[in-house]
Each structure stands twice: as C-alpha cells, then as structure tokens.
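Residues per chain, in single letters:
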Amino acid sequence: RAVLLRSALVFGVLLGCLLGAPAARAHDETVSTSLVQVSGTTVRWQVDVGVAGLAKVVALPAPEGQLRAADLESVRAPIAAALARGVGVRAGGTELRGTPTTLEPLFEPDARDGAPLLSRVEQTFVFEAPSPITALTLRVALFDDLTKSHRAVVRVAWDGHVRTLVRLGPSEIALAAEEMN
C-alpha cells in the first residue's frame, strides 16, 4: 500500500512537471511567433513574445502574473527597442527602418483560477520601402543575447499567399513574391 501511494505521488509530480513545462516555456525567451504581411511598399511585422522572456531584457514594472495591461505603457519604448534589435527587413538590397506602432497585451487563463493573465505581448513594426517590394530578406534574432536556440515561428502573408517558416537561432529568411505562389 505504501509503495502504491509513493508510486502514485511520483507519477503525479512527474505528470505535473511534464504538463506544466510547455506552458511555462511558452512565455520565456525560447519561442516567438510572428505574422509578417507584405503589401506594395509596406511590411507589417507583428511579433509575439512571452512576458517571462521579455522581463530578462526589459525592466518590467511588475513580475509575470502581476503585470497589468496598464503597466505596459511605462515600458512601451524599451520593449519596442529590445524587440527591434531582434527583427529586420531588407528589400532591394536596402535595410529598411522599422517603426514601432501598436503594443498589445495578450492574455491566457491562469491555470489556478482561470482569471486572465497577461502572459505575452505583441509588438507591431511597420517597414516602408521606397518602391514596391518584389523580394526581401527577413532577419530574426530575438533574444540572441540570452539564447542561441530561440525558436521563431514566422507566418508570411504576401499577395494572398501564406507561408509558415520555423527557424532556430539567429536566421535570415530570403523570400520573393513569385516564390509565394
């Protein structure tokens, strides 16, 4: 009976660790998701990162779990600067300057009580080219000062076509409009 109880306890702890680990890691610096939309002369890059990872590169006003949407206003510029270092766009051989626009809080239900928890943020950058974009190179190197194994999931939407790419570590992604078909 004691062996059975001990085995059940060990199994419960292991199961809790296995189930809890992906959720915890989804908010750190090891993963991001992006939507890159290309249209005419404009590239709109929305990058979604976890608060736990962001807290390692930006002094946030509250820890994960206590951070509120209103708290983000005071760190809007440092968040944009930190994420701008990790994304880049080159079109026609020219490095385009990204302008940070919206910063959106993203919520998930708290595992304990289901209350909304600010766990991720989505920063949007807009890049403008001097002429219509026919080919470009995306640079993704988010959190590269913390890890060389950051996994970036990048969805690119261009002329009605969508392509999803996954990169590990600092990477460049070369794309041309005719290859999107």
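Since the model is a prediction, treat every value here as computed from it, not as a measurement. (Residues numbered from 1 in each chain as written. Predicted model: local features only at pLDDT ≥ 70, side-chain atom pairs only at ≥ 80, totals over all residues. Heavy atoms only, no water.)

The next subject is the overall build of the protein chain. When helices and strands are tallied, the protein chain shows three helices and ten strands. Considering only residue pairs separated by 6 or more positions, the protein chain has 62% of its internal contacts joining residues 24 or more positions apart. Put simply, the protein chain shows about 10000 Å² of open surface, and 58% of that area lies on carbon and sulfur atoms. (Helix = DSSP H or I, 4+ residues; strand = E, 2+ residues; numbered from the N terminus. Contact = heavy atoms within 4.5 Å. Areas by Shrake-Rupley, 256 points an atom, 1.4 Å probe, with all protein chains shown as cover.)

Its location among the elements puts Pro-116 in strand β6 (residues 116-128). In the structure, Pro-116 is positioned 51 residues away from Gly-65 in sequence and 9.5 Å away in space, judged by C-alpha atoms. Not counting residues up to four positions away in its chain, the partners in contact with Pro-116 are Phe-107 and Glu-108.

What follows concerns the environment of Arg-76. Take Arg-76: it is sitting in helix α3 (residues 76-84). As for Arg-76 and Leu-60, which are separated by 16 residues in sequence, their C-alpha atoms are 9.9 Å apart. Not counting residues up to four positions away in its chain, the partners in contact with Arg-76 are Thr-101, Thr-102 and Leu-103.

Turning next to the pattern of salt bridges. Charged atoms that come close allow side chains of opposite charge to pair. Per the stated rule, a full pass over the model turns up seven salt bridges. Note that Glu-29 and Lys-56 form a salt bridge whose closest N and O atoms lie 2.8 Å from each other. Taken as a pair, Glu-29 in the loop between α1 (2-25) and β1 (31-39) and Lys-56 in the loop between α2 (51-54) and α3 lie far apart in primary sequence, 27 residues in all. For Glu-29, a relative accessible area of 11% gives the class buried. Linked through salt bridges whose partners overlap, the residues forming this network are Arg-90, Glu-95 and Glu-172. (Salt bridge = Lys/Arg side-chain N within 4 Å of Asp/Glu carboxyl O. Buried < 20%, exposed > 50% of the residue type's maximum accessible area, 1.4 Å probe, protein only.)

Take the sheet that holds β6 next. Taken in spatial order, the six strands of this open sheet run β5-β6-β2-β1-β8-β9, and their pairing is mixed. Each having just a single partner strand, β5 (98-109) and β9 (161-168) make up the two edges of the open sheet. For this sheet, the mean inter-axis angle between neighbouring strands, taken without regard to orientation, is 20°. Two elements, strand β2 (residues 42-50) and β6, share nine bridges in a ladder whose sense is antiparallel. (Pairing = 2+ DSSP bridges. Axes fitted to C-alpha atoms, helices over the stretch in contact; angles between N-to-C directions.)

Here we take up the sheet that holds strand β3 (residues 87-91). Sheet architecture is open: four strands sit in the order β4-β3-β7-β10, paired in antiparallel fashion. Each edge of the open sheet carries a strand with a single partner, namely β4 (94-96) and β10 (171-176). Between one strand axis and the next, the sheet turns through 25° on average, direction left out of account. Two strands pair when backbone bridges link them, and β3 and β4 are joined in this way by three bridges, in the antiparallel orientation. Within β4, the position partnered with Val-89 by the bridge is Leu-96.

Turning to the confidence of the model for the protein chain, a few remarks are in order. On average, residues of the protein chain carry a pLDDT of 87, and 85% of them reach 70 or more. Averaged pLDDT values over the elements of the protein chain bottom out at 42 in α1 and peak at 98 in β3. For residues 7-26, every residue scores under 50 in pLDDT, and the model assigns this stretch four contacts once sequence neighbours within four places are set aside. (pLDDT = per-residue confidence, 0-100.)

Now for the side chain of Asp-71. By the secondary structure assignment, Asp-71 is in the loop between α2 and α3. With relative accessibility at 13%, the residue Asp-71 sits in the buried group. Here Arg-68 takes part through its backbone nitrogen, which lies 2.8 Å from a polar atom of the side chain of Asp-71. Setting aside residues no more than four positions away along its own chain, Asp-71 makes contact with Pro-61, Ala-62 and Gln-66. (Polar contact = N/O pair within 3.5 Å; in protein donor to acceptor, adjacent residues only side chain to side chain.)

Here the focus is the nonpolar core. Core analysis: the largest hydrophobic core is formed by 42 residues, its most contacted members being Trp-45, Ile-79, Leu-136, Leu-138 and Leu-175. Leaving out residues up to four positions away in the same chain, Leu-175 has contacts with Ala-135, Leu-136, Leu-138, Val-156, Trp-158, Arg-163, Leu-165 and Met-180. (Core = buried A, V, L, I, M, F, W, Y, C linked by side-chain atoms within 4.5 Å.)

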